[in-house]
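# Structural description and commentary
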Amino acid sequence: MPSNAILEKKKQQVEALSEKMKNSCAGVLVDYKGISVEEDTKLRKELREAGVEYTVVKNTLLGMAAEKAGISGLEGYLNGTTSIALSEGDYVAAARIISKTATEGKKISVKAGFIDGKVIDEAGVKELAELPPREVLVAKALGGLNAPISGLVYVLNANITGLVRALSAIAEKQQ
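Reading the values: rules and limits
- Residues numbered from 1 in each chain as written.
- Predicted model: local features only at pLDDT ≥ 70, side-chain atom pairs only at ≥ 80, totals over all residues.
- Heavy atoms only, no water.
- Helix = DSSP H or I, 4+ residues; strand = E, 2+ residues; numbered from the N terminus.
- Buried < 20%, exposed > 50% of the residue type's maximum accessible area, 1.4 Å probe, protein only.
- Areas by Shrake-Rupley, 256 points an atom, 1.4 Å probe, with all protein chains shown as cover.
- Pairing = 2+ DSSP bridges.
- Polar contact = N/O pair within 3.5 Å; in protein donor to acceptor, adjacent residues only side chain to side chain.
- Contact = heavy atoms within 4.5 Å.
- Arc of directions from axis to C-beta.
- Core = buried A, V, L, I, M, F, W, Y, C linked by side-chain atoms within 4.5 Å.
- Axes fitted to C-alpha atoms, helices over the stretch in contact; angles between N-to-C directions.

Let us look at the overall build of the protein. What the protein contains, in helices and strands, is six helices and five strands. The secondary structure elements of the protein, listed N-terminal to C-terminal, are α-β-α-β-α-β-α-β-β-α-α. Within the protein, buried positions represent 30% of all 175 residues. Within the structure as shown, the protein displays about 11300 Å² of accessible surface, and the carbon and sulfur contribution to it stands at 58%.

The next subject is the pairing of strand S3 (residues 83-87). Of all five residues making up S3, five are buried, and the element is well covered by its neighbours. Burial along S3 is two-sided: Ser83, Ala85 and Ser87 facing one way and Ile84 and Leu86 facing the other are all buried. When strand S2 (residues 52-56) meets S3, the two strands line up antiparallel, connected through five bridges. Bridge pairing links Val52 to Ser87 in S3.

Further remarks concern the side chain of Ser99. On the secondary structure map, Ser99 appears in helix H4 (residues 93-105). Side-chain polar atoms of Ser99 contact the backbone oxygen of Ala95, separated by 2.9 Å. Contact partners of Ser99, with chain neighbours within four places excluded, come to Val110, Val125, Lys126 and Ala129.

So, on to helix H3 (residues 59-69). For H3, every residue scored as buried is listed here: Asn59, Leu61, Leu62, Ala65, Ala66 and Ala69. Projected down its long axis, H3 shows its buried positions confined to an angular sector of 155°, all on one face. Residues of H3 that are exposed and point more than 90 degrees away from the buried face comprise Thr60 and Glu67. Taken together, the buried residues of H3 touch helix H1 (4-23), strand S1 (26-31), S3 and strand S4 (109-115).

The next point concerns unusual backbone geometry. Negative phi values dominate among residues other than glycine, just as trans dominates among peptide bonds. Positive phi outside glycine occurs at Asp116, with the angle close to 45°. Along the polypeptide, Asp116 turns up in the loop between S4 and strand S5 (118-121).

Attention now goes to the nonpolar core. Val28, Leu43, Leu47, Tyr54, Ile98 and Ile108 are the most contacted members of the largest nonpolar core, which has 21 residues in total. Secondary-structure elements contributing two or more residues to this core are S1, helix H2 (37-49), S2, H4 and helix H5 (122-129). Once residues lying within four places of it in the same chain are set aside, the contact partners of Leu47 are Val52, Tyr54, Ala94, Ile97 and Ile98. Core analysis: the second largest hydrophobic core is formed by 16 residues, Leu29, Leu61, Ala69 and Ile84 among them.

Let's shift gears to the sheet that holds S5. An order of S2-S3-S1-S4-S5 is seen for the five strands of this open sheet, with the pairing classed as antiparallel. In this open sheet, the two strands that pair with only one neighbour each are S2 and S5. Pairwise comparison of adjacent strand axes, ignoring direction, gives a mean angle of 20° for this sheet. The pairing of S1 with S3 spans five bridges and is antiparallel. Paired with Val28 across the bridge in S3 is Ala85. Against the sheet, H5 contacts S1, S4 and S5, and its axis sits at roughly 90° relative to S5.

Next up, the structure:
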């Protein structure tokens, strides 16, 4: 039977992980079995540089934290070795880095993930990883918004130019 101090420490861990999950826009569950220390260090560095928090966690604690954070559906993925990569600002950073590492070394594998509290499977994480970076998506959206405005300016400019030519022709005939 665990002591009260150990139970209290685990409650604090669950609470802290739950808060991190609530504040994260996306997360990826990873089976890290077989990764070397060197590869793990490289992965952690890359995730940290992208603003992603990566933690090895016990399945039981992760299950409790997910439930407390309002994320249901992860229960079936909580077996074996599990770590979680959480991103507060970038929806695709964790998925992209984890998926790239999984395909390169084949020593880790994606179990599942979540986006804004909704669970996605391994295929969903891979689709998320293939999305272009946020800056590219914003540029495409702005380009799409800019196209109709550019067309309108072109049409108005052509009409004004035609009007100016017509007025110039009339002015020349009157002289």
